[in-house]
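# Structural overview
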Amino acid sequence: MAGDAATAEQIERIRAGLGLDRPIVVQFGLWMQRILSGDLGESFYFRIKVATLIGQRLEPTFALATLTILIAVVIAIPLGVIAAWRFGGWFDRALMGFSVLGFSIPVFVLAYLLIWLVSLKLGWFPVQGYRRLADGFFPFLHHLVLPAITLSVIYIALIARVTRASVLEALGEDYIRTARAKGLPELRVLVRHALANAAVPIATVIGIGVAILIGGVVVTESVYAIPGLGRLTVDAVLARDFPTIQGVILFFSFIYVLVNLLIDLSYVFLDPRIRY
Amino acid sequence: MLWRNWSVRIGGTALVLLLLISVSAPWLGTVDPTLFDAGSRDLRPGAAGDIMTLEGDLLKHTFLMGSDSFGRDVYSRVLYGTRVSLVVGIAAALLAVAFGVVLGLSAGYIRWLDGPLMRVMDGIMAIPAILIAIAVVALWRASLPTVIVAIAIPEIPRVTRLVRALVLSIREEPYVEAAVALGTPTAKIMFGHILPNTIAPLLVQGTYICAFSILLEAILSFLGVGLPPDIPTWGNIMAEGRVQFVAYPHNVFFPGIFLAVTVLAVNILGDGLRDTLDPKMAKRV
């Protein structure tokens, strides 16, 4: 920060200016005090308020995460239901195989595989970069689809697995036999009776998966050069910009806890038997 | 009994092979992974070239997986990288399980410790694993021990919760009651009577943690916040290769394939262990 040619005196002045000359306990106390009054401090490196910095980088990360969750839910839940419906069949086995593979293939290896195949060989999507929503919806989406697909694979594996397990359990219940005996169409049995009763574990795993999603965002943004919060985290660590590191981690954890709280509350709608 | 399970066979065999590769890396046609030669930069896989040894002699060498932008042999680096990945994975899993067992036993058996301890664990679990690891590494500077600790810390709460839940059910068993009635010391009940009954689920959980740790180490290295770049790890090789990915994808793909196969092998082994050791859990997931 001071450059290579800084004198000891200059370094000391910067340390004092940043408050780094005080004992760790005092620094932590001051930080906690500011956090509680809603102040995340000022970035060592970018020289602006951490809260402002997070605000600037929020859009790409939010867009990427939302699109990923959307893709994952739309694909994973039907896959899980079909696998449970045809339990033990080829589709079920294929999905379980895919799910183990999805858990094992590192997000950045998958990212480069997709870039190589879809962007370089087929030329369908740009290799890297990000367009703001303000620059138009189509370029925005065009740059976002490949990162979102990359990130959604592990999420699909997770959600499909839990959907399959909980729908499978529901399918063994007496009310399914009753529904079928009434002569309801199979699709209605699967969706209205089996899936509806399997909704709570599925919602829970979507919430837990947000932790994986946040980890994935850090990696994906780095590979696809998306200027979001994930990139900010890595840049802050490389620059040893502690206020920013603290701020970003606090922010991500807050979002994670908030999403899981909202999901806990949504149980009331998903399962009327649950009351708080 | 374990060997009858196909997942255990496949995962176990692949893992033993990888262990053999990592141990015998010097004798598999590799050169010192830190050697570089300006004349052999960016070679395609299979190309022949020279590489200069530390003594200054030029060595004829076939670059099976090509070379990177410094002229280092990717094949040698990938093979030596196996060592780092396996060491980190196994060490982090052992560390997380060791701490988790002690904390979980304490929380499950010593009632007044339960509340405070589990709240701390909940706190750690609220932060995504990668972020904890990144923060710890940022704090301490990356070296092999700090990276292992950084990866193990976010896994400790998971083990603690598992052990605590097991202890809560095991402590109600008649044989524990009998031991208490006989005046057995608490430590002996915890480690002699309760701990042995948690081994099977712990082994399964430990295997999954090992797989995740290998993945996390590679991610940290890849992001440039993990082990220093002079240590050949799969993540480091990919981080250096990504700059030239469009022209020379082999720098990213070869370590990537090794990484994916290793994690897959450990995960498959974990699934197999779970199916054979813990039939109740197998039905649930």
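Residues numbered from 1 in each chain as written. Chains lettered and ligands numbered in written order. Predicted model: local features only at pLDDT ≥ 70, side-chain atom pairs only at ≥ 80, totals over all residues.

The next point concerns the overall build of chain B. Counting secondary structure elements, chain B contains 12 helices and two strands. Starting at the N terminus, the α and β elements of chain B follow one another as α-β-β-α-α-α-α-α-α-α-α-α-α-α. Out of the 285 residues belonging to chain B, those deemed buried represent 47%. Nonlocal contacts in chain B, meaning residues at least 24 apart in sequence, comprise 67% of its contacts between residues at least 6 apart. (Helix = DSSP H or I, 4+ residues; strand = E, 2+ residues; numbered from the N terminus. Buried ≥ 20, exposed ≤ 12 C-beta atoms within 10 Å, placed from the backbone. Contact = placed C-beta atoms within 7 Å.)

Right, let's talk about the overall build of chain A for a bit. When helices and strands are counted, chain A shows 11 helices and zero strands. Listed N to C, the secondary structure of chain A is α-α-α-α-α-α-α-α-α-α-α in terms of helices and strands. Its C-alpha radius of gyration of 24 Å places chain A more than 25% over the 19 Å reference for a compact globule of 276 residues. Taken along the three principal axes of its C-alpha coordinates, chain A extends 85 × 55 × 35 Å. (Rg over C-alpha atoms; globule rule 2.2 N^0.38 Å.)

This part covers helix α5 (residues 107-121) of chain A. What sets the pattern is the α-helix's 3.6 residues per turn: residues three or four places apart point alike. In this model, α5(A) (15 residues) spans 20 Å end to end at C-alpha, consistent with the 21 Å of a helix rising 1.5 Å per residue. Along its length, α5(A) reaches its greatest deviation from straightness, about 30 degrees, at Ile115(A). Taken residue by residue, α5(A) has Val107(A), Phe108(A), Val109(A), Leu110(A), Ala111(A), Tyr112(A) and Ile115(A) as its buried positions. Taken together, the buried residues of α5(A) touch α6 (137-171) and α9 (199-223) of chain A together with α9 (199-223), α10 (234-241) and α11 (250-277) of chain B. (Expected span 1.5 Å × (residues − 1). Bend = angle between axes of the 7 residues up to and from the residue.)

Right, let's get into the interface of chain B and chain A. Across the boundary between the two partners, chain B contributes 31 residues, which contact 29 residues of chain A. Among the elements of the structure, α4 (129-140), α9 and α11 of chain B are those that each provide at least two residues to the side of chain B that touches chain A. At nine residues, α11(B) tops the list of elements feeding residues into the side of chain B that touches chain A. Counted by class, the side of chain B that touches chain A contains 26 nonpolar, three polar and two charged residues. (Nonpolar A, V, L, I, M, F, W, Y, C, P; charged D, E, K, R; others polar.)

Let's shift gears to the packing of helix α7 (residues 174-181) of chain B against helix α8 (residues 186-194) of chain B. Residue and element names in this part refer to chain B. Between α7 and α8, whose axes approach to 11 Å, the crossing angle comes to 150 degrees. Considering their axes alone, α7 and α8 lie roughly antiparallel with respect to each other. Judged by the twist between their axes, the crossing of α7 over α8 is right-handed. Touching Tyr175, Val176, Ala179 and Val180 of α7 are Ile189, His193 and Ile194, all from α8. For the contact of α7 with α8, a count of residues per class yields six nonpolar, one polar and no charged. (Axes fitted to C-alpha atoms, helices over the stretch in contact; angles between N-to-C directions. Parallel < 35°, antiparallel > 145°, perpendicular 65-115°, else oblique. Left-handed = near helix turned anticlockwise from the far one by under 90°.)

Residue and element names in this part refer to chain A. Between helix α3 (residues 50-85) and helix α4 (residues 90-104), whose axes approach to 8 Å, the crossing angle comes to 135 degrees. As summarised for this structure, α3 and α4 are arranged oblique, according to the angle between their axes. Where α3 crosses over α4, the handedness of that crossing is left-handed. Listed contacts from α4 to Leu79, Ile82 and Ala83 of α3 are Phe91, Asp92 and Leu95. Looking at side-chain class alone, the contact of α3 with α4 contains five nonpolar, no polar and one charged residues.

Another point: the nonpolar core. Core analysis: the biggest nonpolar cluster contains 151 residues, and Ile159(A) and Ala133(B) have the highest contact counts within it. Broken down by element, the residue count for this core peaks at 18 residues, all from α6(A). Excluding residues that lie within four positions of it along the chain, Ala133(B) makes contacts with Ala150(B), Ile151(B), Pro154(B), Leu216(B) and Leu220(B). (Core = buried A, V, L, I, M, F, W, Y, C linked by C-beta atoms within 7 Å.)

Right, let's talk about unusual backbone geometry for a bit. Of note in the backbone geometry, Ala225(A) takes a positive phi value of approximately 55 degrees without being a glycine. Its place among the elements puts Ala225(A) in the loop between α9 and α10 (229-238).

What follows deals with the confidence of the model for chain A. With 97% of its residues at a pLDDT of 70 or more, chain A shows a mean pLDDT of 83. Per-element confidence in chain A ranges from a low mean pLDDT of 73 for helix α1 (residues 8-18) of chain A to a high of 89 for α3(A). (pLDDT = per-residue confidence, 0-100.)

All names here are of chain A. Residue placement: glutamine 128 occurs in the loop between α5 and α6. The exposure class assigned to glutamine 128 is partly exposed, which follows from the 14 C-beta atoms found within 10 Å. Through-space distance from the C-alpha of glutamine 128 to that of tryptophan 31 is 37 Å; in sequence the pair is 97 residues apart.

Residue and element names in this part refer to chain B. The predicted model of chain B averages 82 in pLDDT, with 84% of residues at 70 or higher. Looking over chain B, one finds the lowest element-wise mean pLDDT in helix α12 (residues 279-284), namely 52, and the highest in helix α5 (residues 144-152), namely 91. Reported confidence for the predicted complex is 0.79 by ipTM and 0.85 by pTM.

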